[in-house]
Amino acid sequence: MALRDVLLSIAQTPHRLRRRALVTWTPTQELNEVRDRSGARMKRRLEWYDLVGLGVGGMLGAGVFVTTGRVARDTAGPAVFASYVVAGVSALLSSLCYAEFSVRVPVAGGAFSYLRVTFGEFVGFFGGANILMEYVLSNAAVARSFTDYLASTFGVTERNAWRIVVDGIADGYNELDVPAVALILLITVCLCYSTKESSMLNMVLTVFHLLFFAFIVAAGLWNGSARNLVRPHGLAPYGVRGVLDGAAVVYFSYIGYDSACTMAEEIRDPSRALPVGIAGSVLVVSGLYCLMSVALCVMLPYTEISEAAPFSSAFREKVGWRWASSVVGAGASIGIVASLMVAMLGQARYLCVIARARLVPLWFAKVHPSTGTPMNATIFLGFCTASLALFTELQIVFEMISIGTLLVFYLVANALIYHRKIDGWCQWGMTLFGAVSIAITTIFHCTARQDIAGPSLEWSVPLMPWPAAASVFLNVFLITTLKVRSYQRFGIWSLVTIVFYVCYGVHSTYSAEENEIVNAMIHHANLDIS
């Protein structure tokens, strides 16, 4: 591009922003015109049980082995199970909103596509960028936790025994984790090969993982004491605030069910499989998380829970079952592999669809004709995740993950209410919905027009708008419990996202629109001549 063209584009930025930021696409366009930009199409080879396995596998191990010990010890105390209940209810409500959107718009874009067809290009890109950030950071965190549990499998208890500590680098970034990097690269290669085979591998790992969860719960409750739930400072030593603060942190453990939405293009019967796979997996996992957290807290007082690999440490040091510690380490490692596989499936498909919209280079949208996978996006994000996992300590990424996730889930719930209950003139009023969600919901329920956005669906969220309104309320409430540092880092990421959109995204989509108009004119002219 010549310098003159660059300067012209910069000068036209305000005009292009007005033209593109609020432009929306219809579900039909997403399913046809936009999807065709990937060239080859993803292969529809998955059934409903694949989706259930992906949903459960994506969540189990993603956070319960990473966050439970920290939250129980420092935030919620033995009442960490209540934190999981609050987070689980919020995740279930959000999952219902996702499920209806995935039936309405069965493409691989997940929240990005849902927001783009509702609120326009900029909100869609902002939500998609936050989901990608959440995936990359959470996958890096989970991969580093894999190193701790794999070491405990072989009886290694020193925290950084399998990491390389480098002097001269800032604390929190100086512990190089080579096993985590190796795991991510191996999974990246598998995901490039085939989605169906990856799903089958995940199914096998998830079955073993469920058996392993049952062992931990049974052994933990058998060897524990109910007195540990109330000592040394009671069931909720940090009060109700601690339980709610803990809920915002353990929400990280529910990252994964939205990965199932990104499989929509590869499901043979989306309207049946997606609601079952998304909402069903959240219910199953919520119950298991509560039982796991109770089992940990009855084994030993919350003040003695280990920060690294807490379940392995509990069996080894308090119960005296060294062999069980190795079993826990092996089982947790398997669960983490399954969780990473599903999450990395999802992150690649998000980037693929964002590229279809030309908000990032179109190269990321290409689907390999023989494997039917978005290979370019998979490789790029695998490299990004491995780079972060190599040197970034867990606590640093925890502070960034939940706020982006909760914000996107809040936006998706708003988008569903807009589609189902509100006419177009109310669009800007949705920004105020979080603060007065209950009152506005009552007004919507009594006075608003119903289902104006499209034809009737084979499946939709029951009792609307109450589930979506409750999701909005809970997501906003949990966001307010996060620490100031989370907002600071999120603010930096938001600024980067906005700058990227203004400097690249808006110009890319505007130029693409102009080219499509010119090509259409040439096509019609040729038809007239012939």
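Residues numbered from 1 in each chain as written. Predicted model: local features only at pLDDT ≥ 70, side-chain atom pairs only at ≥ 80, totals over all residues. Heavy atoms only, no water.

Asks: Looking at this structure, I do not really get the overall build of the protein chain. What am I missing?
Replies: Scanning the protein chain from terminus to terminus reveals 20 helices and two strands. For the protein chain, with 530 residues in total, the buried portion stands at 58%. Pairs at least 24 apart in sequence give 85% of the contacts found in the protein chain among residues at least 6 apart. Surface exposure of the protein chain reaches about 20800 Å², of which carbon and sulfur atoms provide 67%. (Helix = DSSP H or I, 4+ residues; strand = E, 2+ residues; numbered from the N terminus. Buried < 20%, exposed > 50% of the residue type's maximum accessible area, 1.4 Å probe, protein only. Contact = heavy atoms within 4.5 Å. Areas by Shrake-Rupley, 256 points an atom, 1.4 Å probe, with all protein chains shown as cover.)

Asks: Whenever I open this one, the nonpolar core confuses me. Can you help?
Replies: Across soluble globular proteins, you tend to see nonpolar side chains buried next to one another. Ranked by internal contacts, the top residues of the largest apolar core, which has 142 residues, are Phe65 and Tyr98. It is helix 15 (residues 322-356) that contributes the most residues to this core, 18 residues altogether. Residues contacting tyrosine 98, with those up to four places away along its chain left out, are Ala111, Tyr114, Ile131, Tyr257, Asp258, Cys261, Tyr350, Val408, Phe409 and Val412. (Core = buried A, V, L, I, M, F, W, Y, C linked by side-chain atoms within 4.5 Å.)

Asks: It is not clear to me how the packing of helix 15 against helix 16 (residues 375-391) should be interpreted in this structure. Could you clarify?
Replies: Working note: a packed helix pair is described by the angle between its axes plus the distance between those axes. The geometry of helix 15 relative to helix 16 is characterised by a closest axis approach of 9 Å and an angle of 120° between their N-to-C directions. With respect to helix 16, the element helix 15 is oriented oblique. Between helix 15 and helix 16 the crossing geometry is right-handed. Contacts between helix 15 and helix 16 involve Met344, Gln347, Ala348, Leu351 and Cys352 on the former and, on the latter, Ala377, Thr378, Phe380, Leu381, Gly382 and Thr385. Taken together, the residues of the contact of helix 15 with helix 16 break down into seven nonpolar, four polar and no charged. (Axes fitted to C-alpha atoms, helices over the stretch in contact; angles between N-to-C directions. Parallel < 35°, antiparallel > 145°, perpendicular 65-115°, else oblique. Left-handed = near helix turned anticlockwise from the far one by under 90°. Nonpolar A, V, L, I, M, F, W, Y, C, P; charged D, E, K, R; others polar.)

Asks: I would appreciate a short explanation of helix 2 (residues 13-20) in the present structure.
Replies: Since the α-helix turns once every 3.6 residues, residues separated by three or four places project in the same direction. When we look at burial in helix 2, the residues that qualify are Thr13, Arg16 and Arg20. What you see down the axis of helix 2 is that its buried residues fit within an arc of 65°, all on one side. (Arc of directions from axis to C-beta.)

Asks: I'm lost on the packing of aromatic side chains in this one. Help?
Replies: Any pair of aromatic rings gets described here by the distance separating the centres and the angle formed by the planes. Following the criterion strictly, the structure yields 20 aromatic pairs and no others. Both rings, one in tyrosine 254 and one in tyrosine 289, keep their centres 5.4 Å apart while their planes meet at 75°; by these two values the pair is edge-to-face. Taken as a pair, tyrosine 254 in the loop between helix 11 (239-250) and helix 12 (257-261) and tyrosine 289 in helix 13 (residues 270-299) lie far apart in primary sequence, 35 residues in all. Both residues of the pair, tyrosine 254 and tyrosine 289, count as buried. By the ring-pair criterion, three or more aromatic residues cluster together here, those being Tyr84, Tyr98, Phe101, Tyr114, Tyr251, Tyr254, Tyr289 and Phe409. (Phe/Tyr/Trp six-rings, centres within 6.5 Å; stacked < 30°, edge-to-face > 60°.)

Asks: Hey, could you run me through the environment of leucine 351 in this one?
Replies: Among the secondary structure elements, leucine 351 is positioned in helix 15. Residue classification places leucine 351 among the buried residues on the basis of a relative accessible area of 4%.

Asks: Hey, could you run me through helix 7 (residues 111-119) in this one?
Replies: In terms of burial, helix 7 is largely enclosed, as nine of its nine residues are buried. Of all the residues in helix 7, the buried ones are Ala111, Phe112, Ser113, Tyr114, Leu115, Arg116, Val117, Thr118 and Phe119.

Asks: Got a minute to help me understand a nonpolar patch on the surface in this structure?
Replies: A cluster of nonpolar residues, Val204, Val207, Phe208, Leu211 and Ile334, forms a patch on the protein surface that exposes about 460 Å² of accessible area. Here the nonpolar patch gets four residues from one element, more than from any other, and that element is helix 10 (residues 195-223). Tracing the backbone through its elements, the reader meets valine 207 in helix 10. (Patch = residues over 30% accessible without salt bridge, like charges linked within 9 Å, V, L, I, M, F, W, Y side chains within 5 Å. Salt bridge = Lys/Arg side-chain N within 4 Å of Asp/Glu carboxyl O.)

Asks: Can you help me understand the pattern of salt bridges in this one?
Replies: When their charged atoms lie close together, side chains carrying opposite charge are able to pair. Taken as a whole and judged by the stated rule, the model has four salt bridges. Of the charged contacts in the structure, one is a salt bridge between glutamate 121 and arginine 20, with a shortest N-O distance of 2.8 Å. Note that glutamate 121 is positioned in helix 8 (residues 121-153) and arginine 20 in helix 2, a separation of 101 residues in sequence. On the accessibility criterion, arginine 20 (5% relative accessible area) is buried. Arginine 73 is the salt-bridge partner of aspartate 74, the closest N and O atoms lying 3.1 Å from each other. The partly exposed category is assigned to aspartate 74, whose relative accessible area is 44%. Residue arginine 73 is classed as partly exposed on the basis of its relative accessible area, which comes to 22%.

Asks: It is not clear to me how the environment of histidine 209 should be interpreted in this structure. Could you clarify?
Replies: Mapped onto the elements of the fold, histidine 209 is located in helix 10. The class for histidine 209 is buried, based on a relative accessible area of 2%. Taking the C-alpha atoms as reference points, histidine 209 and alanine 332, separated by 123 residues in sequence, lie 7.7 Å from one another.

Asks: Looking at this model, I keep getting lost on the packing of helix 6 (residues 80-104) against helix 19 (residues 466-480). Mind explaining?
Replies: As a packed pair, helix 6 and helix 19 sit with axes 9 Å apart at the nearest point and diverge in direction by 135°. Taken together, the axis directions place helix 6 and helix 19 in an arrangement best described as oblique. Considering how the two elements wind past one another, helix 6 and helix 19 form a crossing that is left-handed. Every residue of helix 19 that contacts helix 6 at Val86, Val89, Ser90, Leu93, Ser94 and Cys97 is listed here: Pro467, Ala468, Ala470, Ser471, Leu474, Asn475 and Leu478. Class assignment of the residues belonging to the contact of helix 6 with helix 19 gives a composition of nine nonpolar, four polar and no charged.

Asks: For this particular structure, what's the right way to read the confidence of the model for the protein chain?
Replies: Per-residue pLDDT for the protein chain has a mean of 78; in total, 83% of the residues score no lower than 70. Taken element by element, the predicted model of the protein chain shows its lowest mean pLDDT in helix 18 (residues 437-447) (48) and its highest in helix 16 (89). Predicted confidence is poor over residues 423-435, with pLDDT under 50, and the contacts of this stretch with residues over four places away or in other chains come to 23 contacts. Counting interchain partners and residues more than four positions distant, the pLDDT-below-50 stretch residues 447-456 has 16 contacts. (pLDDT = per-residue confidence, 0-100.)

Asks: I tried to follow the environment of valine 86 on my own but got confused; where do I start?
Replies: Positionally, valine 86 belongs in helix 6. Every residue in contact with valine 86, bar those within four places of it in the chain, is listed here: Ala247 and Leu478.

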